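Listed here are the chains, written in short residue letters.
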Amino acid sequence: MISNKVWNTIRDKEEIVDWANLVWSSKVIPRHQFILWLAFQEILNTRDRVKKYMEILDSSCLLCEGNEEIVDHLFGNYSFASKLWNKFAKNIEMTRFPEDWKEIKEVSMKKAKCTKFKSKIFKYGFGSTVYNIGRERNARAFSRNQRSLKQTWDNIVTYCNANIQTWRRVPKNEQNWNLYRNWNVSYQKVTKDTVFLAR
Ligand SMILES: [Zn+2]
């Protein structure tokens, strides 16, 4: 008989393995991995956490007004992140995308287990989006050059686009062509030097 305590430990471990699959996936580039890892463990130094060990005057979100900066808010349901997630969901052809960061994590962990082409793009785009939310937050915290929402999104698309073009095993079917189009990958570029897999 497994005690509840042991069972919970096992379950926690499984969850860690699940997000580790995503964070350390070959489809998430090293530059994106660190922030993704911190965001998944919810140990990013968001202002609500900093406040616990350091006196800071302001713990409000740097990307919008009137909210405390907590990890759920930064990556989940609020204007800057949720607008990016909406664009991301559209590009990846998902009809429903969760708003809550915990739920977003769950969905992404499920995707990480899948090796379909769409899931590969999901992993890459997901890592890139989390990275860019963090990047933008830090740009505002440390007064570096800020990007607008549109510039941030364009940057994510450009990044994913450049990466997808380097993939050499590209399945050929209508659904995947839609994905290419969404990420601005040109037909000519992908078909050149590319091995097509029959479906
Ligand atoms: Zn905010």
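Preceding block: the structure.
The present account deals with the structure reproduced in this document. (Residues numbered from 1 in each chain as written. Predicted model: local features only at pLDDT ≥ 70, side-chain atom pairs only at ≥ 80, totals over all residues. Heavy atoms only, no water.)

### Notes on the overall build of the chain
Helix and strand counts for the chain come out as ten helices and two strands. The secondary structure elements of the chain, listed N-terminal to C-terminal, are α-α-α-α-α-α-α-α-β-α-α-β. For the chain, the proportion of its 199 residues judged to be buried stands at 46%. Of the contacts made within the chain by residues no fewer than 6 positions apart, 60% connect residues no fewer than 24 positions apart. Only carbon and sulfur atoms are counted for the fraction: they give 50% of the accessible area of the chain, which is about 11600 Å². (Helix = DSSP H or I, 4+ residues; strand = E, 2+ residues; numbered from the N terminus. Buried < 20%, exposed > 50% of the residue type's maximum accessible area, 1.4 Å probe, protein only. Contact = heavy atoms within 4.5 Å. Areas by Shrake-Rupley, 256 points an atom, 1.4 Å probe, with all protein chains shown as cover.)

### Quick word on the nonpolar core
Within the largest apolar cluster, 51 residues are counted, with the highest numbers of intra-cluster contacts made by Phe 40, Phe 75, Trp 85, Phe 88, Trp 101, Phe 126 and Trp 183. It is helix H7 (residues 117–141) that provides the largest number of residues to this core, a total of eight residues. (Core = buried A, V, L, I, M, F, W, Y, C linked by side-chain atoms within 4.5 Å.)

### So, H7
Helical periodicity: at 3.6 residues per turn, an α-helix aligns residues three or four positions apart in one direction. With 25 residues, H7 should reach 36 Å at 1.5 Å per residue; the first-to-last C-alpha distance of 36 Å fits that figure. With 21 of its 25 residues buried, H7 lies for the most part within the structure. (Expected span 1.5 Å × (residues − 1).)

### A closer look at unusual backbone geometry
Within the chain, Glu 42 stands out as a residue other than glycine whose phi angle is a positive 60°. Checked against the element boundaries, Glu 42 lands in the loop between helix H2 (30–41) and helix H3 (47–53). Not every positive phi belongs to a glycine, and Asn 184 is a case in point at roughly 60°. In this structure, Asn 184 sits in the loop between helix H9 (174–182) and helix H10 (187–191). With relative accessibility at 54%, the residue Asn 184 sits in the exposed group.

### A closer look at the environment of Gly 127
Within the fold, Gly 127 resides in helix H7. Judged by relative accessible area, which is 1%, Gly 127 ranks as buried. With 33 residues separating them in the primary sequence, Gly 127 and Cys 160 have C-alpha atoms 9.9 Å apart. Setting aside anything within four residues of it in sequence, one finds Gly 127 in contact with His 32 and Leu 36.

### Structural notes on the side chain of Lys 118
Among the structural elements, Lys 118 can be located in helix H7. Here Lys 118 is buried and forms no salt bridge, its nearest opposite-charge partner Glu 93 lying at an N-O distance of 6.1 Å. Those residues within four positions of Lys 118 in sequence are excluded, and the remaining contacts are Ile 92, Glu 93, Gln 175 and Leu 179. (Lys, Arg positive; Asp, Glu negative; His and termini not counted. Salt bridge = Lys/Arg side-chain N within 4 Å of Asp/Glu carboxyl O.)

### Things to note about the layout of surface pockets
Approximately 170 Å³ is the volume attributed to the second largest pocket. Lining the second largest pocket we find Phe 34, Ile 35, Leu 38, Leu 44, Asn 45, Thr 46, Glu 69, Leu 74, Gly 134, Arg 137, Asn 138 and Phe 142. For the lining of the second largest pocket, the secondary-structure elements that each account for two or more residues are H2 and H7. Class assignment for the residues of the lining of the second largest pocket results in six nonpolar, four polar and two charged. (1 Å grid on protein atoms, 1.4 Å probe; cavity = no way out; pocket = protein on both sides within 12 Å on 5 of 7 lines; lining within 4 Å. Points joined across faces, edges and corners; volume = space filled by probe spheres on them. Nonpolar A, V, L, I, M, F, W, Y, C, P; charged D, E, K, R; others polar.)

### As for the environment of Asn 163
Topologically, Asn 163 is positioned in helix H8 (residues 149–164). Classification of Asn 163 by relative accessible area gives buried; the value is 18%. Distance from Asn 163 to Tyr 124, taken between C-alpha atoms, is 8.5 Å for residues 39 residues apart in sequence. Discounting residues that sit within four places of it in the chain, Asn 163 has contacts with Ile 29 and Tyr 124.

### A few points about helix H5 (residues 79–91)
Its 13 residues place the ends of H5 18 Å apart at the C-alpha level, agreeing with the 18 Å of an ideal helix rising 1.5 Å per residue. Among all positions of H5, only Phe 80, Ala 81, Ser 82, Leu 84, Trp 85, Phe 88, Ala 89 and Asn 91 are buried. Elements in contact with the buried residues of H5: helix H4 (71–75), helix H6 (101–113), H7, H8 and H9. Positive phi shows up at Glu 93, right after H5, with a value of about 60°.

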